[in-house]
Amino acid sequence: MSKYNKVSQEDEDSFSRKPPLGFSVKQNTSHCFQVHINTDIYGAEHYSQIFDLLLEAGEEDTVQFFIESAGGDMAGLNTLLEGIKMTDAYVVAVIVGQAHSCASLLALSCHDVIVCDGAEMLCHGVRSGMIGKLADIEAWSEHTKKVANRLLQETYTGFLLPQEISEIQQGRELWLDADQIRDRLEQRAKYFTEGLTKEDNAEAERTPDVQPQERRSKSKKVQ
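Looking at the side chain of glutamate 164
By the secondary structure assignment, glutamate 164 is in helix H6 (residues 162-169). Given a relative accessible area of 10%, glutamate 164 falls into the buried group. Leave out the neighbours within four places in its chain, and glutamate 164 touches Arg172, Leu174 and Arg184.

Put into structure tokens, the structure is as follows:
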């Protein structure tokens, strides 16, 4: 007698009548939020809801800033910039027209930048005014200059030449049309790609037995 049990005809018929194997579906919901920055950039309170949006948006979401602005208030800009730093969403700047002053900093702080044919950009240093005692004005001016110059350095690095950044901090105005913006975005992408490559190689030389970790970035493609 075989050690294996024979399958009867009835069992075979039962197997053949089994329904095909199914599968389950897990739905991922994503959203595309569109925010129009088409006025001057106002105070921080004006962007509280946009800040909340950025905090609540998830990894599958996209936030698009359509920019047509002459710039404006640094406090309002900082609110938007901090929201971009803290969000899990993918943030895209679409420069529709003018992106002057603070608006240029907003655009260049997004994970990706799309440049329309009518786009233009104005890069310059901080402009401000204050009324009060001379000592207070001088102290406030020095503080504002320090904060603004650090932001200009961080944001324009790779997009502008070091000499251009220095000149802007000293008061120069730099105007760019759409083609120039696109060229400089490509230049910035190469700058950071080459910089990361050099850093990874240096890290590999310091620890030759360990492969450098993949660096994650939300930036996909600069157009």
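Some thoughts on the environment of methionine 74
One can find methionine 74 in helix H3 (residues 74-86). With relative accessibility at 24%, the residue methionine 74 sits in the partly exposed group. Counting along the chain gives 74 residues from methionine 74 to alanine 148, while the straight-line C-alpha distance between them is 8.6 Å. Apart from the residues lying within four places of it in its own chain, the contact partners of methionine 74 are Cys102 and Leu151.

A word on the pattern of salt bridges
Summed over all chains, the structure comprises 5 salt bridges. For arginine 182, the salt bridge is made with aspartate 179, and the minimal N-O distance between the two is 3.0 Å. With arginine 182 and aspartate 179 both in helix H7 (residues 178-206), this residue pair falls 3 residues apart, about one helical turn. Overall, the relative accessible area of 22% leaves arginine 182 in the partly exposed class. Linked by salt bridges that have partners in common, Asp117, Asp179 and Arg182 make up one network.

Observations regarding H6
The complete set of buried residues in H6 reads Glu164, Ile165 and Ile168. Angularly, the buried residues of H6 cover 100° about the axis, an arc narrow enough to put them on a single face. Across H6 from its buried face, at more than 90 degrees, point the exposed residues Pro162 and Gln163. Count one or two residues on from H6 and you reach glycine 171, which has phi positive near 125°.

A few points about a negative patch on the surface
A cluster of acidic side chains, namely Glu68, Glu120, Asp177, Asp183 and Glu186, defines a negative patch on the protein surface. By secondary structure assignment, the location of aspartate 183 is in helix H7.

Here we look at unusual backbone geometry
Within the chain, serine 101 stands out as a residue other than glycine whose phi angle is a positive 55°. With respect to the secondary-structure elements, serine 101 resides in the loop between strand E3 (90-100) and helix H4 (102-108).

About the criteria used
Residues numbered from 1 in each chain as written. Predicted model: local features only at pLDDT ≥ 70, side-chain atom pairs only at ≥ 80, totals over all residues. Heavy atoms only, no water. Helix = DSSP H or I, 4+ residues; strand = E, 2+ residues; numbered from the N terminus. Buried < 20%, exposed > 50% of the residue type's maximum accessible area, 1.4 Å probe, protein only. Contact = heavy atoms within 4.5 Å. Salt bridge = Lys/Arg side-chain N within 4 Å of Asp/Glu carboxyl O. Arc of directions from axis to C-beta. Patch = residues over 30% accessible without salt bridge, like charges linked within 9 Å, V, L, I, M, F, W, Y side chains within 5 Å. Areas by Shrake-Rupley, 256 points an atom, 1.4 Å probe, with all protein chains shown as cover. Lys, Arg positive; Asp, Glu negative; His and termini not counted. Charge placed at Lys NZ, Arg CZ, Asp CG, Glu CD.

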